[in-house]
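# Examining the three-dimensional arrangement
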Amino acid sequence: MEGLLRPVVAEDAVRYRLFAAAAGGAGAEALLRRCAAAIAGRLAPLLAAYVWQREPFRLRYAPARGETPAHIGGTTLFGDNVEDEWFIVYLIREITREFPGLAGRVDDNDGEFLLIEAADFLPKWLNPENSDNRVFFYKGELHIIPLSEAQEQECDPSAASLTISQALRLLSSRSEEFLAAEPIRAAVYKRISGYPEKIQASFHRARCYLPVGAAAVLRQRPSLVAAAVQAFYLRDPVDLRACRSFQTFPPDQRVMTVVTFTKCLYAQLVQQKFVPDRRSGYTLPLPSHPQYKAYELGMKLAHGFEILCSKCSKVSPDSKRNVSSGPLWERFLSSLKEKNYFKGEIEGSAKYLELLHMAEDYFQQSVTKPECSELSPGDEILTLLQTTTIDMKEFEREAACLPPEDDDSWLEMTPDDLDQMLKEARNESLPSLNEEEQKYDLEAVAESMKAFVSKVSTHEGAEMPWSSDESHVTFDVDSFTKALDRILGEDSEELDSDDLDEEQEFDFSDEDDEDLDAENQRQDENVSPDELIGSLKSYMDEMDRELAHTNVGKSFTTQKKGASSVKATTSQSAGPDSGAEDPELTPVDVDMNLVTNLLESYSAQSGLAGPTSNILQSMGVYLPENADRVGSNKAARE
């Protein structure tokens, strides 16, 4: 029931919650509030310079409600940058490592997306119906709480539901038993590996020819670049009306500056094709101009800032709360100094002030800002413009010695680069193979396909035979005989739709025919199952003889004389009519036909994805590239 009543997470958003694993009641609330303040200081060096796509990571205390105990957490919209979501997963894991008394959960509109990442390694009992409240980060490790023995016997998925309170009690007392399997943890940890170093790799620094006001705003609040890019990226004709006159960011005073984007924001901005309104005053040089890209990026950012400011009312300087005062800020600033956040910079220097502005931005966004009274990005921009002294000459001096911008060749990807990326991803998902193990065995290909066909499939899909050690599908002769008896015996008088059509078309009203049918039916009832199987076999043999002389029969590869397999020899010697079998009816070589058809299908894929490679690769069988095609391509290049 809790799964049906739980709040739905918005699309492109991630929800994160941290619970007190052992404490309860007032003790839990006190612990959570202490942890929230300590976490803010602990994460400040990581988050102060981070640029979020839509919303920042923000922890808020939430009291107990229904079956959900008190916790600290929040919901962050990550928009088009899914890396924000996985960065939050990394943060939750690190928080539970640093604060062992907390257990963390992360989910989104897809549900337990951590399990989706490790879908290839999940136990069979785990499915979307019973996975609610079973996946936690605890003490820095991923835990999955399994079903109890009684729940495993229940067919109703709702009977296997688990409340968060129950899960926390189990986790705090028996966490060692619930540690996720190594392949599951490896799949999730691989996705969040590389942090915090990956943060700097996600940035892209580019030169922009901006209005001086916009440059001053970005110096104070670098994170506002995300809001400006989003405003321009999602613009509509109504938004562009404000960009005809540019009341806030006119083009008459512009400076060259370096703006720090994330790669996602930079790609969104640079890939947009846009021509400014002639009335705006923004003009672009010729595309051959060495600074054309800087002019174009600055023009697009200026439009984004103007759109943001046009959507808010003019605010007074008093509406901005002074964050650099109060005991909470003093404690926060002390924790930053203890962690060497300012990296030895002299107080009052340009670098010190830059780091201080980022810390103030993070403190206001993630620590002190109430949920119900958030300032819009446009309000913040207008407030900064009214409270910041803009020195045009200082910006011009800085423009004369700007650092070089980053190379954006990562935006372009050739087909060879994509193939290499897919190949590396495939190799990472497989264990390392030596040269002997890399030899391709066609017999293994045939056996793998047979194993796949032998697997039982359901409405949920087909199971892949990962291991050859699994038991094969058994054949029960008695059950097959009884089923055949029901089909050909007493129930054979039931007619299908084709028989009914024929009966309606031809009126079989002759009494002699009815008597003959009744007599045949009594004879069929007296026939034993063994005789029925023999009759069916002789009927199939007759069909084989007819097909053997047709194009269909000649299209199959048959076994060579004297090289028949054991199964073929056994099948030929079986049955009462084996001595009279047609000598020209040579058994079909099933394995050879299977491999031939698979290789022809694989060759027809021309190196692209297709049914043959997808099925075989899912079972761990990788076919080599077509040597003829590779050789011809190499010759063409030479």
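Coordinates for the structure precede this section.
Read on for a plain summary of the structure. (Residues numbered from 1 in each chain as written. Predicted model: local features only at pLDDT ≥ 70, side-chain atom pairs only at ≥ 80, totals over all residues. Heavy atoms only, no water.)

### A closer look at the overall build of the protein chain
Broken down by element type, the protein chain carries 28 helices and 10 strands. The burial tally for the protein chain puts 36% of its 638 residues in the buried class. Taking all contacts inside the protein chain whose residues are at least 6 apart in sequence as the whole, residues at least 24 apart take part in 79%. (Helix = DSSP H or I, 4+ residues; strand = E, 2+ residues; numbered from the N terminus. Buried < 20%, exposed > 50% of the residue type's maximum accessible area, 1.4 Å probe, protein only. Contact = heavy atoms within 4.5 Å.)

### Overview of the side chain of His-204
Note that His-204 resides in strand β7 (residues 203–211). Among the polar contacts listed, one links the side chain of His-204 to the side chain of Trp-410, at a separation of 3.3 Å. In contact with His-204, other than residues within four places in its own chain, are Val-259, Thr-260, Phe-261, Lys-263, Tyr-266, Asp-406, Asp-407, Asp-408 and Trp-410. (Polar contact = N/O pair within 3.5 Å; in protein donor to acceptor, adjacent residues only side chain to side chain.)

### A closer look at the environment of Asp-419
Residue position: Asp-419 is located in helix α18 (residues 415–428). The exposure class of Asp-419 is partly exposed, given its relative accessible area of 48%. Measuring from C-alpha to C-alpha, the distance between Asp-419 and Leu-608 comes to 9.8 Å, with 189 residues separating the pair along the chain.

### A few points about the pattern of salt bridges
Taken as a whole and assessed by the stated rule, the structure comprises 18 salt bridges. Glu-141 serves as the salt-bridge partner of Arg-185, at 3.7 Å between the closest nitrogen and oxygen. Of this pair, Arg-185 sits in helix α7 (residues 182–191) while Glu-141 sits in strand β6 (residues 141–144), and the two are 44 residues apart along the sequence. Accessibility expressed as a relative area gives 15% for Arg-185, which makes it buried. (Salt bridge = Lys/Arg side-chain N within 4 Å of Asp/Glu carboxyl O.)

### Things to note about the sheet that holds strand β2 (residues 60–62)
Strand order in the open sheet formed by six strands is β2-β3-β1-β4-β5-β6, and the pairing between neighbours is antiparallel. The open sheet is flanked by β2 and β6, the only strands paired with a single partner. For this sheet the average axis-to-axis angle between neighbouring strands, irrespective of direction, equals 30 degrees. Set on the sheet, helix α3 (residues 82–98) makes contact with β1 (13–20), β3 (71–77), β4 (102–108), β5 (135–138) and β6; between it and β4 the angle comes to about 165 degrees. Its contacts with the sheet put α7 on β5 and β6, and the angle it makes with β6 is roughly 130 degrees. (Pairing = 2+ DSSP bridges. Axes fitted to C-alpha atoms, helices over the stretch in contact; angles between N-to-C directions.)

### Observations regarding the environment of Lys-263
Along the chain, the position of Lys-263 falls in helix α12 (residues 263–270). On the basis of relative accessible area, Lys-263 is assigned to the partly exposed category, the value being 32%. In this structure, the C-alpha to C-alpha distance between Lys-263 and His-204, residues 59 residues apart in sequence, is 5.6 Å. The contacts of Lys-263, once residues within four sequence positions are left out, are Ala-201, Ser-202, Phe-203, His-204 and Trp-410.

### Some remarks on a nonpolar patch on the surface
Among the surface-exposed residues, Leu-547, Val-552, Phe-556, Val-588 and Val-590 lie close enough to one another that they form a single nonpolar patch of about 430 Å² accessible area. The topology assignment puts Val-588 in the loop between α25 (566–573) and α26 (590–604). (Patch = residues over 30% accessible without salt bridge, like charges linked within 9 Å, V, L, I, M, F, W, Y side chains within 5 Å. Areas by Shrake-Rupley, 256 points an atom, 1.4 Å probe, with all protein chains shown as cover.)

### Points about the packing of helix α9 (residues 212–220) against helix α17 (residues 392–399)
Relative orientation of the contacting elements α9 and α17 amounts to 80 degrees, with a least axis distance of 11 Å. In this view, α9 runs roughly perpendicular relative to α17, as classed from their interaxial angle. Listed contacts from α17 to Val-212, Ala-215, Ala-216 and Arg-219 of α9 are Met-392, Glu-394, Phe-395 and Glu-398. (Parallel < 35°, antiparallel > 145°, perpendicular 65-115°, else oblique.)

### Notes on the environment of Thr-596
Tracing the chain through its elements places Thr-596 in helix α26. For Thr-596, a relative accessible area of 29% puts it in the partly exposed group.

### Describing unusual backbone geometry
Along the chain, Tyr-195 connects to Pro-196 via a cis peptide bond; the corresponding omega equals 5 degrees. Tracing the chain through its elements places Pro-196 in the loop between α7 and α8 (197–201). One non-glycine residue with positive phi stands out, namely Asn-133, at about 60 degrees. Looking at where Asn-133 falls in the secondary structure, it is placed in the loop between α4 (113–117) and β5. A relative accessible area of 7% places Asn-133 in the buried class. For Phe-246, which is not glycine, the phi torsion reads 55 degrees and is therefore positive. Locating Phe-246 in the fold gives a position in the loop between α11 (237–241) and β8 (254–262).

### Concerning the side chain of Asp-408
Examined against the element boundaries, Asp-408 turns out to sit in the loop between α17 and α18. Look at Asp-408 and you get buried, because its relative accessible area is 17%. Looking at Asp-408, its side chain comes within polar contact range of the side chain of Tyr-266, at 2.9 Å. Those residues in contact with Asp-408, other than ones at most four positions away along the chain, are His-204, Tyr-266 and Lys-293.

### Quick look at the nonpolar core
Judged by nonpolar contacts, the single largest core of 101 residues is most densely connected at Ile-39, Phe-57, Ile-95, Phe-261 and Leu-301. Of all the elements, helix α2 (residues 26–47) adds the most residues to this core, at nine residues. Setting aside residues no more than four positions away along its own chain, Ile-95 makes contact with Leu-18, Ile-39, Leu-43, Phe-57, Leu-59 and Leu-102. Ranked by size, the runner-up nonpolar core spans 12 residues in total, among them Ile-145, Leu-162, Ile-164 and Phe-178. (Core = buried A, V, L, I, M, F, W, Y, C linked by side-chain atoms within 4.5 Å.)

### A look at the packing of α9 against helix α16 (residues 377–387)
In contact at an axis separation of 10 Å, α9 and α16 are set at 100 degrees when each is read in the N-to-C sense. Taken together, the axes of α9 and α16 are roughly perpendicular relative to one another. Here Gly-213, Val-217 and Gln-220 of α9 lie close against α16, whose contacting residues are Ile-381, Leu-384 and Leu-385. Among the residues forming the contact of α9 with α16, the class breakdown is four nonpolar, two polar and no charged. (Nonpolar A, V, L, I, M, F, W, Y, C, P; charged D, E, K, R; others polar.)

### Quick notes on a negative patch on the surface
On the surface, a cluster of negative charge is contributed by Glu-11, Asp-12, Asp-80 and Asp-110. Look at Glu-11 and you get exposed, because its relative accessible area is 60%. (Lys, Arg positive; Asp, Glu negative; His and termini not counted. Charge placed at Lys NZ, Arg CZ, Asp CG, Glu CD.)

### Observations regarding the packing of aromatic side chains
Counting across every chain of the model gives 14 aromatic pairs. Ring geometry for Tyr-50 against Phe-87: centres 4.5 Å apart, planes inclined by 20 degrees, an arrangement best described as stacked. Residue Tyr-50 is found in the loop between α2 and β2, and its partner Phe-87 is found in helix α3; the two are separated by 37 residues along the sequence. For the pair Tyr-50 and Phe-87, one class covers both residues: buried. (Phe/Tyr/Trp six-rings, centres within 6.5 Å; stacked < 30°, edge-to-face > 60°.)

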